[in-house]
Amino acid sequence: MSIPSILLNFVFRPPSSLFVTMMSVVGLASLMNAGYMEIKGKHMQYSKFLNVGLAKKKDDMKLSSRNGMLLVYTPAFLVALGSLLVFPDQYLRFVLVASALTTHFFKRVLEVLFLHKYSGYMPLESAILIPMSYTFSTTTMIYAQYLSRDIPEPSVDLKYVGIGLFVVGIIGNFYHHYILANLRKEGDKEYKIPRGGLFDLVICPHYMLEIIEYIGISCISQTLYAFVFTLGTALYLTGRSYATRKWYISKFGHMFPKDVKAIIPYVF
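Scoring rules and cut-offs
- Residues numbered from 1 in each chain as written.
- Predicted model: local features only at pLDDT ≥ 70, side-chain atom pairs only at ≥ 80, totals over all residues.
- Heavy atoms only, no water.
- UniProt positions renumbered as here; feature names shortened; annotations may be inferred.
- Helix = DSSP H or I, 4+ residues; strand = E, 2+ residues; numbered from the N terminus.
- Axes fitted to C-alpha atoms, helices over the stretch in contact; angles between N-to-C directions.
- Parallel < 35°, antiparallel > 145°, perpendicular 65-115°, else oblique.
- Contact = heavy atoms within 4.5 Å.
- Nonpolar A, V, L, I, M, F, W, Y, C, P; charged D, E, K, R; others polar.
- Phe/Tyr/Trp six-rings, centres within 6.5 Å; stacked < 30°, edge-to-face > 60°.
- Buried < 20%, exposed > 50% of the residue type's maximum accessible area, 1.4 Å probe, protein only.

Asker: What am I meant to see in the UniProt feature "transmembrane region" (unreviewed entry) in the protein here?
Answerer: According to UniProt, the "transmembrane region" (unreviewed entry) feature falls on residues 17-36, 70-88, 127-146, 158-176 and 223-243. In this annotation, residues 127-146 is assigned 100% helix and 0% strand; the end-to-end C-alpha distance for the span is 29 Å. Here residues 158-176 runs as 95% helix and 0% strand, with 27 Å between its end C-alpha atoms.

So, in structure tokens, the structure goes:
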């Protein structure tokens, strides 16, 4: 895969890997399409969008929401952690990227176990497709980093900027997950309009901060695949945020503050 020479100041020259190239193209296309489908009302089936936009199927196999979300995050966590154990003597960027991904998914697992309150279920189809996406993307990002070990470093070093962005993103993401988790008491199934933190500006600050996390990981990595995956993730989460704001407006009507945007304060 050839890229403009000016970009090589910021990213590693892409390795000669058909697998990484294919995953870059397929992953970006899939995430872009998923984001577009969210905007069009055909949602990924979990959380508040369960059975929204699709015909309800009585015979669908289901998991409890907690077990479903554990299945979503655990395989990617094990892949990231396993890479640190299988390849213990790697260069600094590899260790930082694998550690950041391990931390990201371990935090998600802990939130599922101890923070979030669940009252519904997740279709088995979603509980298979979503972890496959996370696991394949995590594997590819780590593999692309491994292949870059003998390639000259980009002239502009972004890894310390990336560490800063990742820390800001993961702490901010947890804080807003904490706010969401405390909106409802155990057993309460009613949704409420979230308040506090950046919820006063956007309805999905946790998505915005997750994007910042991935921008941070991309800057640590400086592989083309990491940036491509982050772009795809940003497009999907933007579509999901747009759909979430639309859902809140439909549910709460005039009670929903109109100046609260979807994911970018004051803009969108």
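After that view of the structure, there is still more to cover.
Asker: Would you explain the packing of helix 1 (residues 18-40) against helix 7 (residues 224-252) in this entry?
Answerer: The packing of two helices is summarised by the inter-axis angle and the distance between the axes. With their axes 7 Å apart at the nearest point, helix 1 and helix 7 run at an angle of 10 degrees to one another. Here helix 7 runs roughly parallel to helix 1, going by the angle between their axes. Here helix 1 contributes Val20, Met23, Ser24, Leu28, Leu31, Met32, Ala34, Gly35, Glu38 and Ile39 to the contact with helix 7, which in turn contributes Tyr225, Val228, Phe229, Leu231, Gly232, Thr233, Leu235, Tyr236, Gly239, Arg240, Tyr242 and Ala243. The residue makeup of the contact of helix 1 with helix 7, split by class, is 15 nonpolar, five polar and two charged.

Asker: I'm lost on the packing of aromatic side chains in this one. Help?
Answerer: Centre-to-centre distance and the angle between the planes together describe a pair of aromatic rings. A full pass over the atoms with the stated rule returns 14 aromatic pairs. Measuring from ring centre to ring centre gives 6.1 Å for Phe19 and Tyr143, while their planes differ by 65 degrees; the resulting arrangement is edge-to-face. Of the two residues, Phe19 sits in helix 1 while Tyr143 sits in helix 4 (residues 124-147), which places them 124 residues apart along the sequence. With a relative accessible area of 31%, Phe19 lands in the partly exposed category. Residue Tyr143 is classed as partly exposed on the basis of its relative accessible area, which comes to 35%. Judged by centre distance (5.1 Å) and plane angle (35 degrees), the rings of Phe87 and Tyr146 are tilted. With a gap of 59 residues between them, Phe87 in the loop between helix 2 (65-86) and helix 3 (92-114) and Tyr146 in helix 4 connect regions that are remote in the sequence. Judged by its relative accessible area of 33%, Phe87 is partly exposed. Residue class for Tyr146 comes out partly exposed when judged on its relative accessible area of 23%. One aromatic cluster in this structure is built from Tyr191, Trp247, Tyr248, Phe252 and Phe256.

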